[in-house]
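Structural features, examined
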Amino acid sequence: MKVIKTIFLWTFATVLLLQFIQIKVPTPPKSTINDEIKAPKEVMALLKKSCYDCHSNNTNYPWYGKIAPISWQVNSNIANGRAWLNFSIWSKYDEKKKQKIYKGIVNALKIKMPPAEYLLIHKEARLTPKERETLINWAKSNIKEN
């Protein structure tokens, strides 16, 4: 019993000390409402429900997103998500970048988006097969063939 108590205390102390190592929250790039992506109402609702936490300036940080070491992973995911696609600065992308993103959206939705680890906690972000197909069809309809 003493060994378990010691392990628990060391684990608790380690987690407590980790709170002093804070990773800087990614600062979103400057944008206005006019910079945001324009899409049909149904598509916008799905994007906001399942994509905006990582792919926009409108991140809703959860309570656990402030606890190290989980906060490190949350901030990394958000930074990587915004680097690949940020719906809040859509108008700042050139047409070539937008076309690459539309194709990426189609592929990502077929394979892995939203990510499973995100969906474990954010069940409301799950996409039904019909919702997923709606987003895929929207993205495909915006792809211009050369």
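Here the residue numbers are simple positions, counted from 1 along each chain's written sequence. Two thresholds apply to this predicted model, a pLDDT of at least 70 for residue-level local features and 80 or more for giving and counting side-chain atom pairs, whereas whole-chain, interface and lining totals are computed over all residues. Hydrogens and water molecules were not included; the side-chain quantities draw on all heavy atoms of the structure.

**With respect to the environment of His-122**
- Strands are runs of DSSP state E lasting at least two residues, helices are runs of H or I lasting at least four, and both sets are numbered from the N terminus onward. By secondary structure assignment, the location of His-122 is in the loop between α6 (116-121) and α7 (129-141).
- Distance in space between the C-alpha atoms of His-122 and Lys-49 is 9.8 Å, their sequence separation being 73 residues.

**A few points about the side chain of Gln-99**
- Looking at the element boundaries, Gln-99 is found in helix α5 (residues 95-111).
- Side-chain polar atoms of Gln-99 contact the backbone nitrogen of Lys-144, separated by 2.7 Å. Whenever two N or O atoms come within 3.5 Å, that pair is a polar contact, provided that in protein one can donate a hydrogen and the other can accept it, and provided that, for residues adjacent in sequence, both atoms are side-chain atoms.

**A few points about the pattern of salt bridges**
- For this document, the term salt bridge refers to a Lys or Arg side-chain nitrogen within 4 Å of an Asp or Glu carboxyl oxygen. Under the counting rule described, the total for this entry stands at three salt bridges.
- Between Lys-92 and Asp-35 there is a salt bridge; the shortest N-O distance is 3.8 Å. One end of the pair, Lys-92, is in the loop between α4 (70-84) and α5; the other, Asp-35, is in the loop between α1 (2-18) and α2 (41-50), with 57 residues separating them in the sequence.
- Only protein chains enter the accessibility calculation, which uses a 1.4 Å probe. A residue is then buried if its area is under 20% of the maximum for its type, exposed if over 50%, and partly exposed in between. On the basis of relative accessible area, Asp-35 is assigned to the buried category, the value being 11%.
- Glu-131 is the partner of Lys-49 in a salt bridge, and the nearest nitrogen-oxygen pair spans 2.9 Å. Of this pair, Lys-49 sits in helix α2 while Glu-131 sits in helix α7, placing them 82 residues apart in sequence.
- Exposure remark for Lys-49: the relative accessible area of 29% places this residue in the partly exposed category.

**Thoughts on unusual backbone geometry**
- Residue Pro-114 follows Met-113 across a cis peptide bond; omega there is -15 degrees.
- Its place among the elements puts Pro-114 in the loop between α5 and α6.

**Quick notes on α4**
- For α4, with 15 residues, the first-to-last C-alpha span of 21 Å sits near the 21 Å given by 1.5 Å per residue.
- Among the residues making up α4, those that are buried are Ser-71, Val-74, Asn-75, Ile-78, Gly-81 and Arg-82. What you see down the axis of α4 is that its buried residues fit within an arc of 130 degrees, all on one side.
- Contacts were defined at the residue level, with two residues in contact if any of their heavy atoms lie within 4.5 Å. In the core, the buried residues of α4 are packed alongside α3 (52-55). Here the expected length of a helix is defined as 1.5 Å per residue gap, with one fewer gap than residues. Throughout, the arc means that of the directions going from the helix axis to the C-beta atoms.

**Focus on the packing of α5 against α7**
- Orientation of α5 relative to α7, taken along the N-to-C sense of each, is 160 degrees, at an axis distance of 8 Å. With respect to α7, the axis of α5 lies roughly antiparallel. Two packed elements cross with a definite hand, and for α5 against α7 that hand is left-handed. Mapping the contact onto sequence places Tyr-102, Ile-105, Val-106, Leu-109 and Lys-110 in α5 and Arg-132, Leu-135, Ile-136, Trp-138, Ala-139 and Lys-140 in α7. To define axes, lines are fitted to C-alpha atoms, for helices over the stretch in contact only, and angles between the resulting N-to-C directions are given on a 0 to 180 degree scale. An angle below 35 degrees is read as roughly parallel, one above 145 as roughly antiparallel, one from 65 to 115 as roughly perpendicular, and any other as oblique. We call a crossing left-handed when the near helix sits turned anticlockwise from the far one by less than a right angle, and right-handed when that turn is clockwise.

**Thoughts on the state of the cysteines**
- Here, two cysteine sulfur atoms that lie within 2.5 Å of each other are counted as a disulfide. Counted according to the given criterion, the structure contains zero disulfides.
- No disulfide involves Cys-54; its sulfur sits 9.3 Å from that of Cys-51, the nearest cysteine.

**Description of the nonpolar core**
- As used here, the term nonpolar core means buried Ala, Val, Leu, Ile, Met, Phe, Trp, Tyr and Cys residues forming a set that is joined through side-chain atoms within 4.5 Å. By size, the foremost hydrophobic cluster in this structure holds 23 residues, and its most contacted members are Ile-37, Leu-47, Phe-87, Ile-105 and Trp-138.
- Contributions of two or more residues to this core are made by α2, α5 and α7.
- In terms of residue count, the dominant contributor to this core is α5 (five residues).
- Ignoring sequence-local partners within four residues, the contact set of Trp-138 consists of Ile-37, Ala-39, Pro-40, Val-43, Leu-47, Tyr-102 and Ile-105.

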